[in-house]
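# Architecture and fold: a report
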Amino acid sequence: MGAYEEPKETCGTICLKYLLFAFNFLFWLAGGVVMAVGVWTLIEKTDYISLLPSKTYAASAYILVLAGVIVMVTGVLGCCATFKEHRRLLRVYFVLLLCIFLLEILAGVLAYIYYQQLNEELKQSLKETMTKKYSQSGYDQVTQAVDKLQQGFKCCGSNGSSDWAESLYIRSGAEGRLVPDSCCKTPGQLCGLRDHPSNIYKVEGGCISKLEQFTLDHLKIIGAVGVGVACVQIFGMVFTCCLYRNLKAEPY
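Residues numbered from 1 in each chain as written. Predicted model: local features only at pLDDT ≥ 70, side-chain atom pairs only at ≥ 80, totals over all residues. Heavy atoms only, no water.

## Observations regarding the overall build of the protein
Each helix and strand counted, the protein has seven helices and zero strands in total. Burial statistics for the protein: of 252 residues in total, 45% are counted as buried. Of the contacts made within the protein by residues no fewer than 6 positions apart, 73% connect residues no fewer than 24 positions apart. Here the protein has roughly 13300 Å² of accessible surface; of this, 63% comes from carbon and sulfur atoms. (Helix = DSSP H or I, 4+ residues; strand = E, 2+ residues; numbered from the N terminus. Buried < 20%, exposed > 50% of the residue type's maximum accessible area, 1.4 Å probe, protein only. Contact = heavy atoms within 4.5 Å. Areas by Shrake-Rupley, 256 points an atom, 1.4 Å probe, with all protein chains shown as cover.)

Rendered as structure tokens:
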């Protein structure tokens, strides 16, 4: 019996290999972007996330982080499978691509669903959070988040500064303050004693409108990144299937 001869590669197979390699390199970079968006959302915006009534926003970010990590590992695996022409590795690579595709679509769908219900949830929960939890025992994170929200977005109260009159904090005395010091245009100790427009922020729609816009903008980013990378992956899966069909079965 003659020795096994390695089949010569066709022009189509070579083209597919380099196309898939180029895709994997871009895919690896995209994985870094996906992971970075998720981490940025969780780290930089963690205070605001604590004010949201639902965990859907945070869940979308966690899914992106997970997908980004898997994408980067998969990109390396894809390069190895492509140049070694290893059919089993290509099968594993294809399954991983499919899993990542589903994860990113899920992140996009969660972002879209939360986009639809965000306004109503904020109206129902933000005022209650501010009036019942601000500066109360055990709610230090909420207090910090509200202060950061009011200073960062230059707003005061959920719907307006008058909402603070109903809060447990103001009703308990608050050293004579009418609003928290974080409502002031120039924050300082006891600056909340005056609630005149020259001293505090008077924004139409209050902090709800500001937080809603902020969250919607970031949900769009999460959704666009998730769905965008997922759509690009379709090409990767097509290239993988074509290359797999062009490779000869491995000898045993």
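## What about the UniProt feature "transmembrane region" (unreviewed entry) in the protein?
When the UniProt feature table is mapped to this numbering, "transmembrane region" (unreviewed entry) covers residues 18–40, 60–80, 92–115 and 221–244. This span, residues 18–40, is 100% helix and 0% strand, and a straight line between its end C-alpha atoms measures 33 Å. (UniProt positions renumbered as here; feature names shortened; annotations may be inferred.)

## Notes on the state of the cysteines
Per the counting criterion, the structure on display carries three disulfides. One disulfide bridge connects C156 with C183, the sulfur atoms lying 2.1 Å from each other. What sets the handedness of the C156 and C183 disulfide is the S-S torsion sign, and at about 85° it is right-handed. On the criterion of sequence distance, the pair formed by C156 in the loop between α5 (140–153) and α6 (168–171) and C183 in the loop between α6 and α7 (206–246) is long-range, its members being 27 residues apart. For the pair C156 and C183, one class covers both residues: buried. Sequence-ordered numbering of the bonded cysteines in the protein gives a disulfide pattern of 1-6, 2-3, 4-5. (Disulfide = S-S within 2.5 Å.)

## Let's talk about the side chain of N199
Relative to the helices and strands, N199 is located in the loop between α6 and α7. Overall, the relative accessible area of 13% leaves N199 in the buried class. Of note is the side chain of N199, whose polar atom sits 2.8 Å from the backbone oxygen of C191. In this structure, N199 is in contact with C183, C184, K185, C191 and R194, ignoring residues within four places of it in sequence. (Polar contact = N/O pair within 3.5 Å; in protein donor to acceptor, adjacent residues only side chain to side chain.)

## Structural notes on the packing of aromatic side chains
Considering all chains together, one arrives at two aromatic pairs under this definition. Summarising the aromatic geometry, the rings of Y134 and W164 are spaced 5.0 Å apart at their centres and angled 70° between planes, so their arrangement reads as edge-to-face. Here the residue Y134 occupies a position in the loop between α4 (87–133) and α5, and W164 occupies one in the loop between α5 and α6, the gap between them amounting to 30 residues. As far as burial versus exposure is concerned, Y134 and W164 are alike and both buried. Measuring from ring centre to ring centre gives 5.2 Å for Y134 and Y169, while their planes differ by 75°; the resulting arrangement is edge-to-face. Of the two residues, Y134 sits in the loop between α4 and α5 while Y169 sits in helix α6, which places them 35 residues apart along the sequence. Relative accessible area serves as the criterion here: at 6%, Y134 is assigned to the buried category. The buried category is assigned to Y169, whose relative accessible area is 14%. Grouped by ring-pair contacts, the aromatic residues Y134, W164 and Y169 constitute a single cluster. (Phe/Tyr/Trp six-rings, centres within 6.5 Å; stacked < 30°, edge-to-face > 60°.)

## A short note on the pattern of salt bridges
Under the definition given, this model contains five salt bridges. Taking the shortest distance from any N to any O, the salt bridge between K132 and E128 comes out at 4.0 Å. Placement of both K132 and E128 in helix α4 is noted, with a separation of four residues, approximately one turn of the helix. One salt bridge connects E175 with R177, and the closest N-O pair in it is separated by 3.3 Å. A relative accessible area of 59% places E175 in the exposed class. For R177, a relative accessible area of 7% puts it in the buried group. Through salt bridges that share partners, K127, D163 and E166 make up one connected network. (Salt bridge = Lys/Arg side-chain N within 4 Å of Asp/Glu carboxyl O.)

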